[in-house]
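# Descriptive analysis of the structure
These are the residues of each chain, in order.
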Amino acid sequence: MHILEHLFLVGEFPERARLLSGLTLEQVKLCPEGASHSIYEELWHVVGYQQSILERTDPNGEFYPRAPPEHEHEWHDLVGVFLDGARAAAALGQKPERLALELEPGLTMADELNSVAVHNAYHLGKIVALRQRIGAWPPEAASGGS
């Protein structure tokens, strides 16, 4: 297993698909007292940053969504985009020439992916804490994207 697969998909804490599984629309929209964001908002933020690095685009300027999801498929779609991006980041571990690509002077794709992995870990930790606060931890589902 390459370090990027470990960092993006399976290592250090629960497998990402499991960590995000078994949640209802109501649960992902909850923002418990004292919390700054809901589970949906945290993952939306992670996806935006992860995709901006993978696609080499500027973030859209929005750090968090303007409105909560109205339909459960919006949550499932977001989880899918996150997991697809995490798999794409992990797959770059099999392409050393791509990792070594200098994106700007002194900054390689490997550097950027390490930054994304740290950012993801921080927000995924917040998602676990939110799940604990709302009584939705540990996930009941053994696997799956949502």
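Nothing here was measured: the structure is a model prediction, and the numbers come from that model. (Residues numbered from 1 in each chain as written. Predicted model: local features only at pLDDT ≥ 70, side-chain atom pairs only at ≥ 80, totals over all residues. Heavy atoms only, no water.)

## Re the overall build of the protein
We count it as follows: Strands are runs of DSSP state E lasting at least 2 residues, helices are runs of H or I lasting at least 4, and numbering of each runs from the N terminus. This radius of gyration counts C-alpha atoms alone. The globule rule is 2.2 Å times how many residues there are, raised to the power 0.38. For every residue, the accessible area (1.4 Å probe, protein chains only) is compared with the maximum for its type, and the residue is labelled buried under 20%, exposed over 50%, or partly exposed between those bounds. Any two residues whose heavy atoms approach within 4.5 Å at even a single point are treated as in contact.
When you go through the protein residue by residue, the secondary structure sums to 7 helices and 2 strands. Along its sequence from the N terminus, the protein presents helices and strands in the succession α-α-α-α-α-α-β-β-α. For a compact globule of 146 residues, the expected C-alpha radius of gyration is about 15 Å, and the protein comes in at 15 Å, within 12% of that figure. Structurally, the protein occupies a C-alpha span of about 45 × 35 × 25 Å along its principal axes. Scored against the burial criterion, the 146 residues of the protein give a buried share of 39%. Considering only intrachain contacts with a sequence separation of at least 6, the fraction spanning at least 24 residues in the protein is 74%.

## Some points on helix α5 (residues 72-91)
Condition: To estimate the expected span of a helix, count its residues, drop one, and scale the result by 1.5 Å. Directions drawn from the helix axis to the C-beta atoms are what define this arc.
The end-to-end C-alpha distance of α5, which contains 20 residues, comes to 29 Å, matching closely the 28 Å that a straight helix rising 1.5 Å per residue would cover. Buried within α5 are the following residues: Trp75, Leu78, Val79, Phe82, Leu83, Gly85, Ala86, Ala89 and Ala90. End-on view of α5: buried residues confined to an arc of 160°, all on one side of the axis. Turning to α5, the residues buried within the fold contact α1 (3-10), α2 (16-19), α3 (25-29), α4 (39-54) and α7 (109-133).

## Examining α4
With 16 residues, α4 ought to run about 22 Å at 1.5 Å a step, and its terminal C-alpha atoms sit 22 Å apart, in line with that. Within α4, 12 of the 16 residues are buried, leaving the element largely enclosed by the surrounding structure. Residues of α4 that are buried include every one of Ile39, Tyr40, Glu42, Leu43, His45, Val46, Val47, Gln50, Gln51, Ser52, Ile53 and Leu54, and no others. On its buried side, α4 packs onto α1, α3, α5, α6 (96-99) and α7. Two residues or fewer past α4, Arg56 is found with a positive phi of approximately 55°.

## Concerning the pattern of salt bridges
As a reminder of what qualifies: Here, a salt bridge means any side-chain nitrogen of Lys or Arg that lies within 4 Å of a carboxyl oxygen of Asp or Glu.
Applying the stated criterion across every chain yields a total of 4 salt bridges. Between Lys126 and Glu42 there is a salt bridge whose closest N-O contact spans 3.1 Å. Of this pair, Lys126 sits in helix α7 while Glu42 sits in helix α4, and the two are 84 residues apart along the sequence. Owing to a relative accessible area of 23%, Lys126 belongs among the partly exposed residues under this scheme. A salt bridge links Arg87 to Asp84; the nearest nitrogen and oxygen atoms lie 2.7 Å apart. On the criterion of helical spacing, the pair formed by Arg87 and Asp84 is a turn pair, its members being 3 residues apart in helix α5.

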